[in-house]
Structure formats: C-alpha cells, structure tokens
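A structural walkthrough
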Amino acid sequence: MFYVNLKRFSFTSKHLLALIVLLFLFLIPGLIRDPYIWGILVMANIYAAFGISFDLLLGYTGLAVLGFGLFVGVGAYAAAFLNLYLGMPPWLTMPVSGLIGALFGLIIGVPCLRLKGLYLALASFAAAAICEKLVIVFNDITNGREGLSGLDPISFSNITNYYASLILLLVSTGILLCIVRSKIGLILKSICDEEIAAKAVGINTNWYKLLTFLISSFMGAFWGSFMAHFMMHAGPGVFGMHMAITIFMVTIVGGVSTIVGPVGGAYLLIIMNELLRGIGEVRLLIYAVITIIIYLLLPQGIVQPTIVFVSTGLRKVSNIFRIRNRSVGNSAIS
Amino acid sequence: MMGQSGKVGEFEKVVLEILIYGGVASAIYAMLAIGLTLIVGLARVFNMAHGAFYMLGAYGVFTVSVTLKLPLFVAFVLSLLVVALIALLIERVCLRPLKGSLEGTLFMTLILALLFEEIIQLTYGPTPRATPAFIGGRIVLAGVSVPAQRMLVVVVALITILGLWVFISKTKIGGAILSVSQDPEAASLVGVNSKIIIMFVNGLAASLAALAGILVAPVLSSSPTMWLLPLIKAFTIVILGGLGSVGGSILAALIVGYSETIVAFVISPRVSELVTLVILFLVIILRPSGLMGSKTEA
Amino acid sequence: MQFLEVNKLCKYFVGLRAIEDASFRLEKGEIVGLVGPNGAGKTTLFNLLTGFLNPTKGEIDFRGETILGLKPHEIVKKGISKTFQIPKPFHSLSCFENIVVSVIANLKTAKGKGRGAEEKARDIMEVLGLREKSEMLPGALTQGDLKILEVAKSLATEPELLLLDEPFAGLSVSEIGQLTSIIQDLHQNGLTIIIIEHKLRELMKIVKRVIVLNFGVKIADGIPEEITSNRKVIEAYLGSGGSSFASA
C-alpha cells in the first residue's frame, strides 16, 4: 500500500493514466490558444500546490493546521517586500520567501508540538486571522486593504507562466510523493495513526512533526510568493480565512491523504469558477456546498475513485488489444 | 495630579470608560464563550460555525426590524428561534455523520461558516448594515455619559448569564447536561438521553451567540465577515477558562474583554486584536488546561 | 554493573501516590512477573521505566546509566521496549508495515546495519508466525494476533529488556499457549523480560521470580512458590478478588 520498494516498480495502468494526463497538461497551450485560459490554469496549479502542501500536514502527519493561510500570506508579503523594496527578482524572492515561511513554520510548530491537535488547529487559525487583521490595520507599511501592487511578474507571457507553474507543480508533487512513499512517509503515517505507539517503537515524533511543518510551510510560502508575482499583487486576503478555507476545501474535495488528490480538487474549483462566472458570486458558495456533500458522502475525495475507475477502464481496453494480438499470432503460425 | 480637580477628573473619566466599555465587551464575549464551552464539555467538539450564529442573530434582527419593519420583540424572538433551528439542522445533517471526530467537525463547521458568510454577502452585500438602537439616548454613570444601548447589553447579558447559572444548577435538565458532560455512559444508564441533551445544548449555545449578535447589532455595524474575530475571541476565552467550565469562561471573558479595552485605550485600538492572540499563545504554552481546567499528564 | 536497578522510585499524582518507594534489581536474562490487584501501579511502573512518565523521586539505572528524564524514543534506543495492555497497532498500515516502521525507526543504531529493513521485518514475522497475515490490516486480526503484533513491533526495536503489559488479556486458551511458547523462546534467546499479568496460573508457568505491588508499594519479591504462600500477598488479593490468586 504505502511502502514502495523501487526495485519492485512495475508499470501499471495507473501510471499510464498519469502519463496521459501529464501529456495533456503539457499540450494544452497548443490545444487551447487563449492566454486567458492559460492564466486560469496557472491559478489552478497554484491552488493545487497549496493543496498538496496542506495534505502533507493533514493527511499524512495528521496535523490539522487550520491556519495554513498564514504561510501563504507570509510568502506573498515577503515576496512583495523583497521585490518592491529590495529589488530582488522573482526567481530569488520565491525561495527566500519559502525560507521565511519555514521560519514561521518553526515559530508556530515548536510550541504546538507537545499539545493536542485541537490547540494547534485553533492557534494557527487565530494566528492567520489576526495576521490578516494586522496587515490591514498597519496600513502604513502594508498598504492596508489594497495590498501591495506592482510586483514583477514571473514573465510577461502567460505561456511561460503556465509552463513555469506546471513544471514547478510537478516538481513539488514529485518531491512530496517521494517523501510520502518512502520510509519517512511510513513513519509519518504511524505518527498520525497512534502517536504514543510510534514513540514506543523509538520514533522521535516531535522531530518528524517539525520536519513536516518546515516542508509544508516552505512550500506554502514559496507558492504564496509565486502567486503574488503572478498576480503582481499581495493583499490581506491571502492570509485570511477565505484562502485557508479554500485550500482545505480543495484538499477535501480532491481527497485527503493522497497528495495527488488536491490537484484534482484545485482544477475542479478553478474550472467550475470559470464556467459559473456568469452567475456571479455564488461560485464559492456552490463549491462550499459541493465540499460538504463530498465530505459526507465520499470522504476519500473524488480523485482516487476517478483514478481507479479510469485505470480499470484503461486496463480493460488494453486487455482487449492483447487478446486480439494473440489470436492473430496463432492463426499466423497454424 | 494634585490641586487641579479638572485633570483628576480626566483620569477618572478614562478609568470609568474602560470599566464600562470593558464590561460591555466582556458581557458579549461571555455570552459567546459560555455556549461554546458547554458544547466542548459535552460533545468534545469545537463548532467553528458558532461565530456564524452570532452573525445570523445580528442580521436577523436587522432584517426583521428594519427590512420587515416588525416590532422589536418579534425581531428578538424570531431571530433566536431561526438561529436555534439552523443550529439543530446543522447538527443533525452535517455533524452527526462525523461521529464526534474533532478534526472533521472543525473542517465541516468552518466550511459552513464560510457558506453562511457567502449567503449573507449575497443577500445583503458587503457593505456594513446599521441597526437602530433598541433604546435611544444616553445614560450618565458616575460622571460618564454612555449610550443606553451599551448599558442594555450589559444588563441583558447579566440577566441571561444569571438565568443560565440558575438553570444549570437548579433544574433537572441542567443536572442532566452536567452529568452527560462528565460521563456520557453513566448518564445514559440513569436514563438521560445524550442525543437530546446534545441537541438541546447546541440550540442553547447557538441562541446565546445569536442573542449576543442581536444586542451588538445596533452598537457595531453588521458585516458578512463579522463572525470571524468574535469566534477567535470566544475560543480563546474557552481555552483560557478551561474547556467545559462555565465559571472559567465568565472569568476568562472578563480578562479578555478588559485586557482588550485597556490596550485599546492606553496603547492604540490598532493593536487590540493582538491581545487575543497573545493571550491564546500564552495560555497554550504555559497552561493549556486553562484557569479552571484540570491539569493532566501529557 | 547491574542490568536494571530501580531505587526508591516514587510517583505521585494529585491526590494519589501511585508508586511509593519501589526498589528492586534485575539481572540480565531474568524473566520476572509483576503482579498485584488492579490499580496497584504496575502499568505506572512500566510507564516510568519507558519514559512515558517522569518519577517524582528515585532513580532508575539501566546497564549502569541513569535513564531518568529520557524521552520514550530515547529509552527505546537504549534497549528497553514495552507493549501496550490494549494493543495500539498503526491501524492504516498492514501488519508487515507495522513491523517495518519499527525496524526503520531503529535502523540507525549499530545493531540494525547490514540487513534490509524488509528482510528483518520478514524474519520477525516468520519467528512469530505472522507470515500469512502480513498484508492484513490490524482491524482484521484476532485479539491473539494483535498481541503477537505488539510483541513483533517491540522485537523490531532489538530490545534487551522487554516489558509485556498483560499479554494474555482477552486471549483464548490456545492463543495463550501460542504466546507462552513465543515468550519462552525469546527468553531462551537471552531476552530479559518483565510480564504484568492477572492470569496468575499461566504466568507462574513462565516466570522464575515474581514481584508483587499493592497500592504502589512492593510487598513481596521472590520465587513463585514463596509468593503464593505469602500472607501479605494473599490478603492484598483477597481484598479485591482473591479467587484468581487462590487457584494459582
């Protein structure tokens, strides 16, 4: 299930499906020649990245960091300050913002290590919400509700933005999948299942929880800065509840504990957002209702069942081909 | 400070203002926190939609009295009933399937809170709405002139909290609530139906939150995001007071309410939100069980 | 150098003296029973030995070093491992993965080098008879197998001192027999073992020495025959269900 030994790697229909999807994603700019759509897909990739970072915390280590928006906000504003006041270029602000985010991860993580998950959830939530308020209130530094504008974009062409976001998303997903399918991932799962038993078999649970915090907060902040550069703007909304709740809606809809799940959830959100653009502000409302329904009826999310469904279909199709080949071969011999 | 009575009067005036406005804040926070702590003590879950009930109460009274132009009394009762009903519906449909999972409840209720925010935003728009005061005019208290509405808040809150206290300690239902929160299995053996008690407490908590919202509606304007910060203050107070302790919540509400008011008056209103965060982090780091909670081993 | 030395150990909670002035010594290779009525402090003692609780007073020395103040995972690395009275398997991992996790967590120590984690896990499963159940989830296991899984997880940490907390609780007669032979094999291979048990008849067959606790105080320490005829011990048990004792 979780523990994959690379020596025993076999190419299954699920991998085939993954390749097809990847190919499709890479070819999209050729199929749909609308830069506006590419921009939308960049946002989808950004939210997907937020979702997978959050899933590492929630789905693998069992840390319900409700205030995940804090790291995103830190990343966005750090990028804004570094870029606008220090003139750092985007490719530099992003990793630096990531590190600053990891620092915040440390600040929040260390005190919360020895507490029950409830306190972690509430404390991080409070921190995120109050940071949003502070950022608005101290508007001499942060330009209040309007936020900071005029950041350098990653590129002026949306196609570069799209490929940059896609490749970075692939790298991020790849890194997280490697972590999660490795020994570390197994340890994280054990901490999530029964922390006391994990300690009893010699696992330093605090260290692993902190590690997960650092990785997730780094990624959250990194992608927060990516978003700030892409939108050329950093506003208080990135910290706040809308962002945090959207991120976990994306994760829940896509599927917790899957890493790839949130990607599906993000794409669904963004695409739905676009299709319903005519209706106006009801979009988030509808997505919230969808999330609730899925949480109650399909708790494993939509991505896993979809993968199973499609890959089973793929296998059946390939089986048909194999049977045909065999009979052709036989008749050729006889 | 000696001699010129004018200057002494100034200082005293500020102290009195802090006393009064701090009291108003504490009263509202107490009403929010008591409901929440009852739910936590009883069902061991945190309902993040609690702030939403506060918001719905405020908008409820706005709608019924301003838009529908019905009498104030009707507005009160209708808002309380509707919010209580919504709370019960949520508990039945969305929360019970979660089987008491703490994280599940946190996420579900947060999404619900967002849902309510969106609904309110769609219906009323993002601009804040003002509800006229229930009682006009001002009252002069020891030389300080205070809007009567604010005093009403304190009076109603005190009566409600007192009534609640009596209810919990003297009536059968109150006893049932306490017994279920201490030991659900033993309570069911004695014939107490936990499900009904949980439903009742949910409705009660939501009504308390709605009442707080109703009282506050004329004082602060109502906006779709008004559920968030009071929620955070409410759970900070619940943690500070000790999960499940009503007395602890009241004490903690006073601490948080007055700290905030003092900081707002003495330092700057901009920093007053930070007070809640600082208190929360201090409690979590130093004494997670709170003031009245029992210290348990890690 | 004493293998395990516990000296005047005390653990007080608010309003409760769980352990009072407990002292005893263990030689390497002993197999000892720890008995006493419910609430006597036996599990508390195990928690003190494994770092899950910190003593109020007293000392614990393991192989000459004090282990006071060490965190549970550090004590596991020193060589003390315990099982839980109510098994705590990692419920979303298969049996095999449950053991692999334990092996991985201890690979860094010199003892674990040179063998792949999976191989080691398979060896343990083989020894304990869990091979056919390796892909099953703990939720599908019988109580007996869950107890064996607990032992497997502890074995994977390569302990020198194994603490078993009521291993026979909830098991059928045949399951107890199975677990008994596993414990005896482990002991024969040099493992030092302390066993908390209420099923005294089965326990006395395995252990060579019994320590008795009552209300946190050690009231007896000797070979099984001495213990069963010790008046203080009989009184302690008769005060709270002595029938199980009388039949031992």
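The structure we're discussing is the one just above.
Read on for an overview of the structure. (Residues numbered from 1 in each chain as written. Chains lettered and ligands numbered in written order. Predicted model: local features only at pLDDT ≥ 70, side-chain atom pairs only at ≥ 80, totals over all residues.)

1. Here we look at the packing of helix H11 (residues 241-254) of chain A against helix H13 (residues 282-297) of chain A
Residue and element names in this part refer to chain A. Closest axis-to-axis distance for the H11/H13 pair is 9 Å, and the angle between their directions is 40°. Judged by the angle between their axes, H11 and H13 are oblique. Where H11 crosses over H13, the handedness of that crossing is left-handed. Together, Met249, Ile252 and Val253 of H11 and Tyr287, Ala288, Ile290, Thr291, Ile294 and Tyr295 of H13 make up the contact between the two elements. Among the residues forming the contact of H11 with H13, the class breakdown is eight nonpolar, one polar and no charged. (Axes fitted to C-alpha atoms, helices over the stretch in contact; angles between N-to-C directions. Helix = DSSP H or I, 4+ residues; strand = E, 2+ residues; numbered from the N terminus. Parallel < 35°, antiparallel > 145°, perpendicular 65-115°, else oblique. Left-handed = near helix turned anticlockwise from the far one by under 90°. Contact = placed C-beta atoms within 7 Å. Nonpolar A, V, L, I, M, F, W, Y, C, P; charged D, E, K, R; others polar.)

2. A look at the environment of Phe62 of chain C
All names here are of chain C. Inspection of the secondary structure assignment puts Phe62 in strand E4 (residues 57-62). Look at Phe62 and you get buried, because 21 C-beta atoms sit within 10 Å. Spatially, the C-alpha atom of Phe62 lies 31 Å from that of Ser229, the residues being 167 residues apart in sequence. (Buried ≥ 20, exposed ≤ 12 C-beta atoms within 10 Å, placed from the backbone.)

3. As for the interface of chain B and chain A
Each partner contributes to the interface: chain B provides 32 residues, whereas chain A provides 34 residues. Contributions of two or more residues to the side of chain B that touches chain A are made by helix H4 (102-124), helix H9 (228-241) and helix H11 (272-286) of chain B. Considered class by class, the residues forming the side of chain B that touches chain A number 25 nonpolar, three polar and four charged.

4. Things to note about the pairing of strand E1 (residues 138-141) of chain B
Residues and elements named next belong to chain B. Looking at chain direction, E1 and strand E2 (residues 144-147) are connected through four bridges and run antiparallel. Each residue of the ladder has a partner; that of Arg138, found in E2, is Pro147. Between the antiparallel neighbours E1 and E2 lie two residues, among them Ala142 with a positive phi of about 50°. (Pairing = 2+ DSSP bridges.)

5. Structural notes on the interface of chain C and chain A
Taken together, the contacts link 23 residues of chain C with 19 residues of chain A. Of all the elements in the fold, those that place two or more residues in the side of chain C that touches chain A are helix H2 (72-78) and helix H3 (95-105) of chain C. In terms of residue count, the dominant contributor to the side of chain C that touches chain A is H3 of chain C (six residues). Class assignment of the residues belonging to the side of chain C that touches chain A gives a composition of ten nonpolar, seven polar and six charged.

6. Overview of the nonpolar core
By size, the foremost hydrophobic cluster in this structure holds 270 residues, and its most contacted members are Ile28 and Ala33 of chain B together with Ala152 of chain C. The dominant element in this core, judged by the number of residues it contributes, is helix H1 (residues 5-43) of chain B, at 17 residues. When near neighbours in sequence (up to four residues on either side) are disregarded, Ile28 of chain B contacts Val153, Ala157, Ala212, Leu215 and Val216 of chain B. (Core = buried A, V, L, I, M, F, W, Y, C linked by C-beta atoms within 7 Å.)

In short, the description is geometric, and any link to function would need to be established separately.
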